[in-house]
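A look at the structure
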Amino acid sequence: MSKIYKWYNQLPKQVHDSIAISVTLVGMFSTILSILGISLGDIQGLSLCMRIGAVVIAFVVVYVFAYIAIGKIFRESINIKIRQTPVSISCGDIFESPELKVIGCDTHFDTRVDDIVISKKSLHGQLILEHGNKDEISMAIDAEAKRLGLQKNNEGLYDFPLGTIVRYDSSVDNHTYLMLAMVELNAENEAHTNMAKFELMLMKMWREISRVYALNDVVLPLLGTGIPRFDDGPKDKEDLLRCMLCTLNSSGVTLRSKVKVLIYGNVGDISLYEYRNMFRTTLRR
């Protein structure tokens, strides 16, 4: 029995809830029939095996419909709360959202968009080329470096701590960007990290967002899905999303505004429904 219980607990939440719905509905229907004095045993010609089979078929049909319905309802987006911070997860283009936009950058906040240091297709590159002014961005970086007491290195660049956020108000599209020191570049301008370093970066990022967001809503991409190379093995979208949500929970940060996590493209490869009750126990404490 313990093995069966362990196996059952490892099933996805969508399966658990579909089974619960099926058992409940079939049980309710059976109870109503009993109250009305109707029983499968009253039908002539039905053996015990046939009656059991009818109940099993009814359960399977209801389960399939419940599973499909849950998948359709929560396929595109979900809304959860983490430490009283409302969080939505959906798909979309971050540059089309009106909220404060978190954009992952390197720890130098480099502005050389040449497909060597910064890719033109990255969010960092798109910010500089299409949505921002390079001189304004440099001024914002200098101001934050001065606040932190940083000096330029031998290459004329600042070395910001991982997780640092530089707030930039763009005069090009009149949006506010929270540029994030997400990864370090090596000598070949490759962005390398690992899961432990990535988690520490996220922990600081949430505290930095709390420092600069000024009660505005914040939108983030699914961080880590672009350029960064994970030295401890590739991470899929589900790993990265879980890491982002868990670090918000463990950071102790509570934001009095909405946080939106946008997944670029299709979210079909992530079972969003599994995240709905992830932090329910924590929130009850």
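The residue numbering used here restarts from 1 in each chain and proceeds along that chain's sequence as written. At least 70 in pLDDT is required for a residue's local features to be given in this predicted model, at least 80 for side-chain atom pairs to be given and counted, and no such filter applies to totals for whole chains, interfaces and linings, which use all residues. Calculated side-chain values reflect all of the structure's heavy atoms, with hydrogen atoms and water omitted.

With respect to the overall build of the protein
Across its full length, the protein holds 8 helices and 9 strands. The method behind every accessible area is Shrake-Rupley, applied with a 1.4 Å probe, and residues are considered shielded solely by the protein chains displayed. Within the structure as shown, the protein displays about 15900 Å² of accessible surface, and the carbon and sulfur contribution to it stands at 56%. Strands here are runs of E lasting at least two residues and helices are runs of H or I lasting at least four, both read from the DSSP assignment and numbered beginning at the N terminus.

Notes on the pairing of strand β1 (residues 78-82)
For every residue, the accessible area obtained with a 1.4 Å probe (protein chains only) is divided by the maximum for its type, and the residue is called buried under 20%, exposed over 50%, and partly exposed between those limits. Here β1 shows one buried face, formed by I78, I80 and I82, and one open face, formed by N79 and K81. Should DSSP find at least two bridges between two strands, the strands are regarded as paired. As defined by bridge partners, β1 adjoins strand β2 (residues 85-91) across 5 bridges and the pair is classed as antiparallel. Paired with I82 across the bridge in β2 is T85.

What to know about the pairing of strand β7 (residues 218-221)
Neither face of β7 is open: one carries V218 and L220, the other V219 and P221, and all of them are buried. Where strand β3 (residues 100-106) lies against β7, 2 bridges are found, and the strand directions are parallel. Across the sheet, K101 pairs through a bridge with V219, a residue of β7. Relative to strand β9 (residues 259-263), β7 runs parallel, the two being bridged by 4 bridges.

Regarding helix α7 (residues 237-251)
One turn of the α-helix equals 3.6 residues, which is why residues spaced by three or four share an orientation. Here the expected span of a helix is defined as 1.5 Å times the quantity of residues minus one. With 15 residues, α7 extends 21 Å between its outermost C-alpha atoms, agreeing within 8% with the 21 Å of an ideal straight helix rising 1.5 Å per residue. All of the buried residues along α7 are L240, L241, C243, M244, L245, T247, L248, N249 and S251. In the analysis that follows, any N or O atom pair within 3.5 Å is treated as a polar contact, provided that within protein one partner can donate a hydrogen and the other can accept it, and provided that, for residues neighboring in sequence, both atoms belong to side chains. The backbone nitrogen of E238 has a side-chain oxygen 3.2 Å away, supplied by the residue at the start of α7, namely D236. A positive phi of about 80 degrees marks G252, the residue just after α7.

A short note on the environment of R229
Relative to the assigned elements, R229 resides in strand β8 (residues 229-230). In this structure the C-alpha to C-alpha distance between R229 and H192, which are 37 residues apart in sequence, comes to 4.8 Å.

With respect to helix α4 (residues 123-131)
The set of residues buried in α4 consists of H124, G125, L127, I128 and H131. Buried-residue contacts for α4 involve β3, α5 (134-148), β4 (165-169) and β5 (176-185). Contact criterion: two residues are considered in contact whenever any of their non-hydrogen atoms come within 4.5 Å of each other.

Some thoughts on the pattern of salt bridges
Every case where a carboxyl oxygen of Asp or Glu lies within 4 Å of a side-chain nitrogen of Lys or Arg is listed as a salt bridge. A full pass over the atoms with the stated rule returns 8 salt bridges. Salt-bridge contacts for E184 lead to K197; the nearest nitrogen and oxygen are separated by 3.3 Å. A residue pair is termed long-range when its members are at least 10 positions apart, and E184 in strand β5 and K197 in helix α6 (residues 195-212) qualify at 13 residues. The exposure class assigned to E184 is partly exposed, which follows from its relative accessible area of 36%.

Here's the deal with unusual backbone geometry
Notably, Q84 is not glycine yet its phi reads approximately 70 degrees, a positive angle. Looking at the secondary structure, you find Q84 in the loop between β1 and β2. We note that D115 has phi near 65 degrees; this positive angle belongs to a residue other than glycine. On the accessibility criterion, D115 (48% relative accessible area) is partly exposed.

What about the side chain of H124?
Examined against the element boundaries, H124 turns out to sit in helix α4. Among all residues touching H124, those that are not within four sequence positions of it are I103, G104, C105, D106, F109, D110 and I118.

Quick look at the packing of aromatic side chains
Between 30 and 60 degrees the pair is tilted, below 30 it is stacked and above 60 it is edge-to-face, where a pair is any two Phe, Tyr or Trp rings, Trp via its six-membered ring, whose centres lie within 6.5 Å. What the rule picks out here adds up to 5 aromatic pairs. Between F109 and F160, the ring centres sit 5.0 Å apart and the planes meet at 80 degrees, which makes this aromatic pair edge-to-face. With F109 in the loop between β3 and α4 and F160 in the loop between α5 and β4, this residue pair connects regions lying 51 residues apart in the sequence. Accessibility expressed as a relative area gives 3% for F109, which makes it buried. On the accessibility criterion, F160 (4% relative accessible area) is buried. Their ring planes at 65 degrees and their centres at 5.8 Å tell us that Y158 and F160 sit as a pair that is edge-to-face.

Section: the environment of F65
Along the chain, the position of F65 falls in helix α3 (residues 48-73). A relative accessible area of 60% means that F65 is categorised as exposed. When the C-alpha positions of F65 and S22 are compared, they lie 9.1 Å apart, and in sequence the two are 43 residues distant.

Regarding the packing of α6 against α7
Think of two packed helices as two axes; the pair is described by the angle between the axes and how far apart they sit. Every angle, taken between N-to-C directions, lies between 0 and 180 degrees, and every axis is a line fitted to C-alpha atoms, over only the stretch in contact when it is a helix. It is at 9 Å that the axes of α6 and α7 come closest, and there the two elements cross at 50 degrees. Judged by the inter-axis angle, α6 sits oblique to α7. In terms of crossing hand, the pair formed by α6 and α7 is right-handed. Facing α6, whose interface residues are M195, F198, E199, L202, M203 and W206, α7 presents D239, L240, C243, M244, T247, L248, S250 and S251. Amino acids outside the nonpolar list (Ala, Val, Leu, Ile, Met, Phe, Trp, Tyr, Cys, Pro) and the charged list (Asp, Glu, Lys, Arg) are all regarded as polar, and Gly is one of them. Partitioned by chemical class, the residues of the contact of α6 with α7 number 9 nonpolar, 3 polar and 2 charged. The labels follow the angle: roughly parallel below 35 degrees, roughly antiparallel above 145, roughly perpendicular from 65 to 115, and oblique for the rest. Should the near helix be turned anticlockwise from the far one by less than a right angle, the crossing is termed left-handed; should it be turned clockwise, right-handed.

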